[in-house]
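This is what each chain is made of:
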Amino acid sequence: MVWDFFLGNLPPCYYDGRLRFYLIFIDMISIQTQLRAIVSTALGKAFGAEYSEIDPMVVPAGRPEFGDYQCNVTFSLAKPLKNSPRNLSQQLLDHLDVSDICEPPEVAKPGFINFKIKPSYLETQIGALQSDSRLGVEKVKDPLKAIVDFSSPNIAKEMHVGHLRSTIIGDSIARILEFRGHDVLRLNHVGDWGTQFGMLIAYLREAYPDALTKADALDLGDLVAFYKKAKKRFDEDADFKETARKEVVKLQAGDPESLKAWQLLCDQSRREFQQIYNRLDINLTERGESFYNPKLPDVVADLEAKGLVVEDAGAKCVFLDGFTNKEGDPLPLIVQKSDGGYNYATTDLAAIRYRVKEDGGDRIIYVTDAGQANHFAQVFQVAQKADYLPENVEVTHVPFGLVLGKDGKRLKTRSGETVRLKDLLDEAVKRAYQDLETRLVAEDRQETEEFKTDVAKTIGLSSVKYADLSQNRTSNYIFDYDKMLELKGNTAPYLLYAYARVQSISRKGEIDYEKLDADAKVLLKEDQELVLAKHILQLSEIIKEVESELLPNRLCQYLFELSQKFNQFFENCPVLKSDEPLRTSRLILCHLTAQTLKLGLSLLGIEVLERM
RNA sequence: GGGAGUGUAGCUCAAUGGAAUAGAGUAUCGAUCUUCUAAAUCGAAUGUUGUAGGUUCGAGUCCUACCACUCCUGCCA
């Protein structure tokens, strides 16, 4: 009966996006999906074939006492079928055969149908997970070419707190898409082109000429200082401004000396960025703004050929629908400045065009701060007008809020400077180290320096990542070392501790989880066992949801709850002291918990610790 | 002026497609270590979901107006 659903006509409500179609139909048949299929079939039998195509409205139960899943569909049928939800549910029930999966379903007073999963069914499902390294999360059958544009620091500047969220969120999104089997291109759209270079080269030429010809003549910190001085001169000194402008022209014209200098600056920055990326375990393919530079004239020419360009005050503009200025006139997207130069809008248009045509992107994701929402809406609109975006290509701006200090204002150092990413990570690791030492002393534990360094590094970095990922992306978030390193609550250390606890059981019992009997029966008797098993089985639904909604905090929430449920199990269900076959059954639950935590955390870019 | 976002417990945040009594954590108070790491668990208390209307059998969620804060608004990215 499940297959009727897959092979039959697809309900129209699934077609609200191509993606959703993939998401729901390719995967292993989760419990929720099976129930949906069964309810759909029953709807057809009870009320007529057309009703098998409506949304069956099967969702996780709102409260434990209502069971595990609930069906709300008859509420929406009350009007068209001129009957009460309660009566309709009763009729539906007559055609509903869920005896393999659930206890006999019940109609609750208002008309909800409540499903409670049979422990025997959970035992079978959990048993099946044992031999599945993907823990029930199947790969999509038709992978998309996904492009995730994230991190994007600026050459000749240091990575700072402003790059934190894009880097961490983008990486996690990329990992999740990759795990689902999509072909993911992780692009680092670095700021490696434009007026800043003319400015910088002009300044270095007079102040520190060696930096333009020799590799590593300066370290990046100096470079940043020079950048600031150059910017200051640029803003204050008209002659310097002109010199800088000439440098840009030289560079853009491909003057070998200028190109060499530019190359040196980029290389130096690149190495600095790479240190941060290595530390955070982040892979990126660099394709900066300069990559698109040669393609910009053609983009403008193409827009002109398509009749989209209007010249206004010397600038070439594409006027937009739905955006107006203070006077109420349409707002332009400037694609070529009055001085003939191009700006980021042009680059972004060239990038979209390239990513669709050359990279074959199906789903293009931009992870940047929410402040750029307007910009992307405008660029996407123009791309659409210019036919750069076929209907089957989805472009999404994934916005995120600001990183704030405890005072609720933009995070700054004490002297009011932007916080360098390196310093921020160092501080987190340092504090993690101090916390660890305090704890070791309190518990009278002896550990090697290597252990302490390693644990502090993992805890510090994962705390920063988790604090960021566990909040709803779109709102601002308050950066607080004390909170993120806290050992309790929804924090990285709490999850890491749950994992370490599972591992400590195997160590104590000298058990190799990998060598447990794969055919051993899992027994679910205690509440805590049932609750834990049900939760483990929900992983695939959560991953799919994050894949479509691009909200990693949902995965964090899931892992936090998993940790809580494991701790409750740990508290109430002795493992090593139980008799067989219960002992092996519980060890299997432990192992599955550990694997789920490890997998889930890895999708957040977080490594686990065997001991901490 | 226009546009976007945010507004939920003292604090930090959830809330899946509108669904039964809006949930966690934290802080506070209390309980549990002869027991696999107590970094844990259990219990208590905490709300006019910014305001006012509307749609609906049902609204934190959808619509309208308003308030507060943040960001964007023609040659920066």
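Numbering of residues begins from 1 in every chain and follows the order in which that chain's sequence is written. Written order decides the labels, with chains lettered from A and ligands numbered from 1. For a predicted model such as this one, the threshold for reporting local features is a pLDDT of at least 70, and the threshold for listing and counting side-chain atom pairs is 80 or more; totals across whole chains, interfaces and linings nevertheless cover every residue. Excluded from the side-chain calculations are hydrogens and water; all other atoms, namely the structure's heavy atoms, are used.

Draft legend 1. Quick peek at the sheet that holds strand β4 (residues 113-115). Strand pairing follows a simple DSSP-based rule, namely that at least 2 bridges must link the two strands. Helix numbers and strand numbers start at the N terminus; a helix is a DSSP run of H or I with at least 4 residues, a strand a run of E with at least 2. Spatially, the 4 strands line up as an open sheet ordered β1-β2-β4-β3, and their pairing is antiparallel. Looking at strand neighbours, the two that pair on one side only are β1 (58-60) and β3 (106-107), the edges of this open sheet. Bridging between β1 and strand β2 (residues 69-71) involves 3 bridges; their strand directions are antiparallel. Of the residues in β2, the one forming a bridge with Val59 is Gln70.

Draft legend 2. Quick peek at unusual backbone geometry. Of note, the amide linkage connecting Glu580 to Pro581 takes the cis form, showing an omega dihedral of 5 degrees. With respect to the helices and strands, the residue Pro581 is situated in the loop between α22 (552-572) and α23 (582-603). Of note, Leu135 is a non-glycine position whose phi angle comes to about 55 degrees, a positive value. One can find Leu135 in the loop between α6 (119-129) and β5 (145-149).

Draft legend 3. Quick peek at the protein's contact with RNA strand B. A cutoff of 4 Å decides nearness: a residue is near a molecule or strand if any of its heavy atoms lies inside that distance of it. Among the 65 residues in the neighbourhood of RNA strand B, the closest are listed as Asp55, Arg439, Asn472, Tyr497 and Ser504. Taking the atoms of RNA strand B that fall within 4 Å of the protein, sugar and phosphate contribute 54% of them. The side chain of Lys337 places a nitrogen or oxygen atom 3.2 Å from a phosphate oxygen of RNA strand B. We call two N or O atoms a polar contact when they sit within 3.5 Å, provided that within protein one can donate a hydrogen and the other can accept it, with sequence-adjacent residues counted only if both atoms are side-chain atoms.

Draft legend 4. Seen up close, the packing of helix α17 (residues 449-469) against helix α19 (residues 492-508). Relative to each other, α17 and α19 sit at 120 degrees, their axes nearing to 8 Å. The angle between the axes of α17 and α19 places the two elements in the oblique class. Two secondary-structure elements touch here, α17 through Ile459, Ser462, Ser463 and Tyr466 and α19 through Ala492, Pro493, Leu495 and Leu496. Across the contact of α17 with α19, the residue classes break down as 6 nonpolar, 2 polar and no charged. Between the N-to-C directions of two axes lies an angle of 0 to 180 degrees, each axis being a line fitted to C-alpha atoms and, for a helix, fitted only over the stretch in contact. Roughly parallel means an angle under 35 degrees; roughly antiparallel means over 145; roughly perpendicular covers 65 to 115; every other angle is labelled oblique. Here, two residues are considered to be in contact whenever any of their heavy atoms come within 4.5 Å of each other. Asp, Glu, Lys and Arg are counted as charged, while Ala, Val, Leu, Ile, Met, Phe, Trp, Tyr, Cys and Pro are counted as nonpolar; the rest, among them Gly, fall into the polar class.

Draft legend 5. Spotlight on the pattern of salt bridges. We define a salt bridge as a side-chain nitrogen of Lys or Arg found within 4 Å of a carboxyl oxygen belonging to Asp or Glu. Summed over all chains, the structure comprises 45 salt bridges. Linking Arg180 and Glu547 is a salt bridge whose minimum nitrogen-to-oxygen distance equals 2.7 Å. Of this pair, Arg180 sits in the loop between α7 (161-179) and β6 (183-188) while Glu547 is found in helix α21 (residues 539-549), placing the two residues 367 residues apart along the sequence. The residue Glu286 makes a salt bridge to Arg270 at a minimum N-O spacing of 2.7 Å. Separated by 16 residues along the polypeptide, Glu286 in strand β7 (residues 285-286) and Arg270 in helix α11 (residues 256-280) bring together distant segments of the chain. Each residue gets one of three labels from its accessible area relative to the maximum for its type: buried under 20%, exposed over 50%, partly exposed in between, using a 1.4 Å probe on protein chains only. You can call Glu286 partly exposed: its relative accessible area is 32%. By sharing partners, the salt bridges in this structure join Lys406, Glu427, Lys430, Arg431, Asp480 and Asp482 into a single network.

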